[in-house]
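One letter stands for each residue in the lines below.
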Amino acid sequence: MNKSLIRETFDAGRGVLGLLLGQRDSARYFNLGLQGLMGSLIAFLLAVTFNAYMPALFGMTGPLDRPLASVASSLIIFAGQTGMAVLVLAQFRRLDGLVPYMVCDNWTSFFTTFASFLLLALGMNGAFAVILLTLVAIVMLVNISRLIVTLSLLQILGFIVAQMVGVMIAMLVVNAIFPDIATATQDAIQSSLSSGGSPGAPS
């Protein structure tokens, strides 16, 4: 059934929440076909663009306020994760799970991006927000793997390791192209720790 992107977004939000809670019927909230993939890619690109301009909303200056570099970095990491997903799922002979995985992962990125903005806007410590969202990302990856792609336990472990390797390789590429991005991210987190507030708060 065709859905508007707005309706699809609301449904995906329910699905993402269901995955976070480990609900077995979470898949019914997503459009797991190619049309759903296109919708999720639009959402992902919106999130990446918003994330690129988020530092300006907190008055941050320096390398992190370079939106094009931030967008390029996010796309490189996305490519690394997707590439590893293709390789591993091909090894498992489960390429049928690639599109469902990408749909759910893209929508997860969309909602966690705006959740991170909300947490920082409410004054949460930036480093704590990063830790919290990292834990959420791990839970979501596990639940997408077992509830959506329906991998076995060993396959889930292999898939998670592959995703981590993909991110590490992508970060090496990002650091080679935009070395100041990684430095600025570390400085922002250190500033957050010293000030007890959100990144960009005066120390």
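Everything quoted here is computed from the prediction, not taken from an experiment.

S.K.: Would you take a moment to explain the overall build of the chain for this structure?
M.R.: When helices and strands are counted, the chain shows seven helices and zero strands. Each helix (α) and strand (β) of the chain, taken in turn from the N terminus, gives the series α-α-α-α-α-α-α. Restricting to contacts in the chain with at least 6 residues of sequence separation, those with at least 24 account for 73%. If you sum the accessible surface of the chain, you get close to 10700 Å²; carbon and sulfur atoms cover 71% of it.

S.K.: What am I meant to see in the environment of Met164 here?
M.R.: Along the chain, Met164 turns up in helix α6 (residues 153-177). Along the primary structure Met164 and Gln81 are separated by 83 residues, whereas in three dimensions their C-alpha atoms are 7.9 Å apart.

S.K.: What is the right way to read the pattern of salt bridges from this model?
M.R.: Two side chains that carry opposite charge are able to pair once their charged atoms sit near each other. Summed over the entire model, instances satisfying the criterion amount to three salt bridges. A salt bridge links Asp11 to Arg7; the shortest N-O distance between them is 3.3 Å. With Asp11 and Arg7 both in helix α1 (residues 5-20) and four residues apart, this pair spans about one turn of that helix. In this structure Arg7 comes out as partly exposed when scored by relative accessible area, which is 47%. For Asp96, the salt bridge is made with Arg94, and the minimal N-O distance between the two is 3.0 Å. Asp96 sits in the exposed class, given a relative accessible area of 53%.

S.K.: I would appreciate a short explanation of the packing of aromatic side chains in the present structure.
M.R.: Describing an aromatic ring pair means giving the distance of the ring centres and the angle of the ring planes. A full pass over the atoms with the stated rule returns eight aromatic pairs. Seen in terms of ring centroids, Phe110 and Phe111 are 5.0 Å apart; in terms of plane orientation they differ by 90°. Their pairing is edge-to-face. The exposure class assigned to Phe110 is buried, which follows from its relative accessible area of 13%. An aromatic cluster is present here, built from Phe50, Trp107, Phe110, Phe111, Phe114 and Phe117 joined pairwise through their rings.

S.K.: Can you walk me through the nonpolar core in this structure?
M.R.: By size, the foremost hydrophobic cluster in this structure holds 32 residues, and its most contacted members are Leu19, Phe30, Tyr101, Trp107, Ile144 and Phe159. Of all the secondary structure elements, the ones that give two or more residues to this core are α1, α2 (34-57), α3 (67-91), α4 (98-121), α5 (126-148) and α6. The element that contributes the greatest number of residues to this core is α4, accounting for seven residues. When sequence neighbours within four positions are dropped, the list of residues in contact with Phe159 reads Ala85, Val88, Leu89, Tyr101, Leu141, Ser145 and Leu151. Met54, Leu120, Ala129 and Leu133 belong to the second largest nonpolar core, which has five residues in total.

S.K.: I'm lost on the packing of α1 against α4 in this one. Help?
M.R.: What describes two packed helices is the angle between their axes and the distance between those same axes. Their axes nearest at 10 Å, the elements α1 and α4 cross at an angle of 90°. Our classification of the angle between α1 and α4 gives roughly perpendicular. Where α1 abuts α4, its residues Leu5, Glu8, Thr9, Ala12, Gly13, Val16 and Leu19 lie against Cys104, Trp107, Thr108, Phe110 and Phe111. A class-by-class count of the residues in the contact of α1 with α4 yields eight nonpolar, three polar and one charged.

S.K.: Would you take a moment to explain α4 for this structure?
M.R.: The first and last C-alpha atoms of α4 sit 34 Å apart over 24 residues, in line with the 34 Å expected at 1.5 Å per residue. One or two positions beyond α4, positive phi appears at Gly123, with a value near 90°.

Criteria and cut-off values
Residues numbered from 1 in each chain as written. Predicted model: local features only at pLDDT ≥ 70, side-chain atom pairs only at ≥ 80, totals over all residues. Heavy atoms only, no water. Helix = DSSP H or I, 4+ residues; strand = E, 2+ residues; numbered from the N terminus. Contact = heavy atoms within 4.5 Å. Areas by Shrake-Rupley, 256 points an atom, 1.4 Å probe, with all protein chains shown as cover. Salt bridge = Lys/Arg side-chain N within 4 Å of Asp/Glu carboxyl O. Buried < 20%, exposed > 50% of the residue type's maximum accessible area, 1.4 Å probe, protein only. Phe/Tyr/Trp six-rings, centres within 6.5 Å; stacked < 30°, edge-to-face > 60°. Core = buried A, V, L, I, M, F, W, Y, C linked by side-chain atoms within 4.5 Å. Axes fitted to C-alpha atoms, helices over the stretch in contact; angles between N-to-C directions. Parallel < 35°, antiparallel > 145°, perpendicular 65-115°, else oblique. Nonpolar A, V, L, I, M, F, W, Y, C, P; charged D, E, K, R; others polar. Expected span 1.5 Å × (residues − 1).

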